[in-house]
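A structural walkthrough
Each chain, written out:
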Amino acid sequence: MSSHITIKDIAKAMGCAPSTVSRALNNSANISPAVREAIQRYAREHNYRPNEFALSLRNNKSNTIGVIIPQICHYFFSNVLSGIEKTASAAGYNILVAQSNEEYEKEVAIVESFRKAKVCGVIASLAKGTMDYSHFRRLVEEDVPLVFYDRICTELNTSRVVVDDYTGAFAAVEHMIVTGCRKIAFYTSPLHLEISKNRRNGYVDALRKHRIEVDNDMIFECDTRQAARDLTLRLLKEGKKPDAFFAVNANTAVGILYACKDAGLRVPEDVSICGFSDNENARSTEPRLTMVDQPGEAVGQGTVELLLAKIEGNEENLVYKNKIVKTKLILRGSTREK
């Protein structure tokens, strides 16, 4: 037998919870002698060896939480970080922050550095290009508490905190429809990300509710200011003029706005523009941009609460939980009034 059998493997073989196995291996008086002996015998017979990383983590009683931010300069992520720091500090924990800068390789290196630092848990949002989750899977296998936020991984059993992307997108697109828009372009981040899927679904369902045909040629992977400006100018020159744009983030919406102005269009008389994730840039344009606001601090607070439930909790907190934070549509001058 392999020497890499885990507590979860023993639990599956014995038909009990991993926590029961852990207690039995640690001679807990809360486990009956018969069950304790059966589990310990199975572990001996199958060459079970304790996970040294997990043991050192428990023994050292680290109070440092590792936090992965895709881009600290991003308004939403900086607000998330603020919520994480405030909540962790109030609970007596420190945070160790690292920026992936949207790079998969850097994200992998950060996770490894957190392992070596023996953090007591990890809070993470995926880089745009991350499609292999082996580095995070290793944390899960080593029983390091892990909570994803915003850009989550659905392939791993972890707790997650997200904003209500679907409802936010639906509300934004429906607002533009009821104010007279019918040909609405959608600029999205890569569609393998859950946030992109959910916002696309909200966009599509708003169109369908109002009996507007979904045109896949009006959906574009474009999520930066310069790319949005270039793409919008090209669309307008090709004669594929939308009467509204829904952007995945504020910087993309700003790029759309300036492209429309360059093309001589009036906003919102000729074209409406709405984005997701309000920030200072959206409030500084002329006209100011209608945005879906996602409260970053509330997201950050939620991640710490779920993580600490794992670190400090009892049997009831072993279940993984999803926390959904509500969004709010902020109406400004870039969309028409009802």
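Keep in mind that what you see is a predicted model, and the values were worked out from it rather than measured.

Another point: the sheet that holds strand β5 (residues 159-163). Pairing is parallel across the open sheet formed by six strands, whose spatial order is β2-β1-β3-β4-β5-β11. The open sheet has two free edges, formed respectively by β2 (94-99) and β11 (322-325), since each of these has just one partner strand. Recorded for the sheet is a direction-independent mean angle of 15 degrees between the axes of neighbouring strands. One ladder, built from four bridges, connects β5 with β11; its direction is parallel.

We now examine the pairing of strand β6 (residues 184-188). Counted residue by residue, β6 has five buried out of five residues, so it is predominantly covered. A two-sided burial pattern is seen for β6, the buried positions comprising I184, F186 and T188 on one face and A185 and Y187 on the other. Bridge count for β6 against strand β8 (residues 244-247) is four bridges, and the pairing is parallel. Note on β8: the bridge partner recorded for I184 is A244. Summarising the sheet, β6 and strand β7 (residues 219-221) pair through three bridges and their orientation is parallel. Residue pairing across strands places F186 opposite I219, the latter belonging to β7.

The next point concerns the sheet that holds β6. Overall, mixed pairing links the six strands, which are arranged β7-β6-β8-β9-β10-β12 in an open sheet. Each edge of the open sheet carries a strand with a single partner, namely β7 and β12 (328-330). Sheet twist, expressed as the average angle between the axes of neighbouring strands with direction ignored, equals 20 degrees. Against the sheet, helix α9 (residues 194-209) engages β6, β7 and β9 (272-276), with an angle of about 175 degrees to β6.

On to helix α1 (residues 7-14). For α1, the set of buried residues is I7, I10 and A11. Each buried residue of α1 sits inside an arc of 100 degrees when the element is viewed along its axis, so together they form one side. Elements that come into contact with the buried residues of α1 comprise α2 (18-25) and α3 (33-45).

Taken as a whole, this structure holds eight aromatic pairs when the rule is applied. For the pair F76 and F77, a centre-to-centre distance of 5.5 Å together with 55 degrees between the ring planes defines the contact as tilted. Judged by relative accessible area, which is 2%, F76 ranks as buried. According to the relative accessible area criterion, F77 is buried, its value standing at 1%. Ring geometry for Y187 against F220: centres 5.7 Å apart, planes inclined by 80 degrees, an arrangement best described as edge-to-face. Taken together, the residues Y187 in strand β6 and F220 in strand β7 connect sequence positions 33 residues apart. Under the relative-accessibility criterion, Y187 is labelled buried at 0%. Put simply, the rings of F76, F77 and Y149 touch in pairs and so form one group of aromatic residues. In this arrangement the basic side chain of K310 is found over the ring face of Y320, its NZ or CZ atom lying 4.0 Å from the centre.

Further remarks concern the nonpolar core. Nonpolar side chains tend to gather and get buried jointly when the protein is soluble and globular. Of all hydrophobic cores here, the largest spans 66 residues; its most connected members are I65, I184, Y187, Y203, F246 and I273. Counting 20 residues, the second largest nonpolar core, distinct from the first, contains V111, V119, V140 and F148.

This brings us to the packing of α1 against α2. Taken N-terminus to C-terminus, the directions of α1 and α2 make an angle of 105 degrees; their axes are 8 Å apart at the nearest point. Judged by the inter-axis angle, α1 sits roughly perpendicular to α2. Here α1 contributes I7, K8, I10 and A11 to the contact with α2, which in turn contributes P18, V21, S22 and L25.

For β5, a buried count of five out of five residues is recorded, marking the element as mostly surrounded by other parts of the structure. A two-sided burial pattern is seen for β5, the buried positions comprising S159, V161 and V163 on one face and R160 and V162 on the other. As judged from the three bridges shared by strand β4 (residues 146-149) and β5, these two strands associate in the parallel manner. Bridge pairing links F148 to R160 in β5.

Scoring rules and cut-offs
Residues numbered from 1 in each chain as written. Predicted model: local features only at pLDDT ≥ 70, side-chain atom pairs only at ≥ 80, totals over all residues. Heavy atoms only, no water. Pairing = 2+ DSSP bridges. Helix = DSSP H or I, 4+ residues; strand = E, 2+ residues; numbered from the N terminus. Axes fitted to C-alpha atoms, helices over the stretch in contact; angles between N-to-C directions. Buried < 20%, exposed > 50% of the residue type's maximum accessible area, 1.4 Å probe, protein only. Contact = heavy atoms within 4.5 Å. Arc of directions from axis to C-beta. Phe/Tyr/Trp six-rings, centres within 6.5 Å; stacked < 30°, edge-to-face > 60°. Lys NZ or Arg CZ within 6 Å of the ring centre and 35° of its normal. Core = buried A, V, L, I, M, F, W, Y, C linked by side-chain atoms within 4.5 Å. Parallel < 35°, antiparallel > 145°, perpendicular 65-115°, else oblique.

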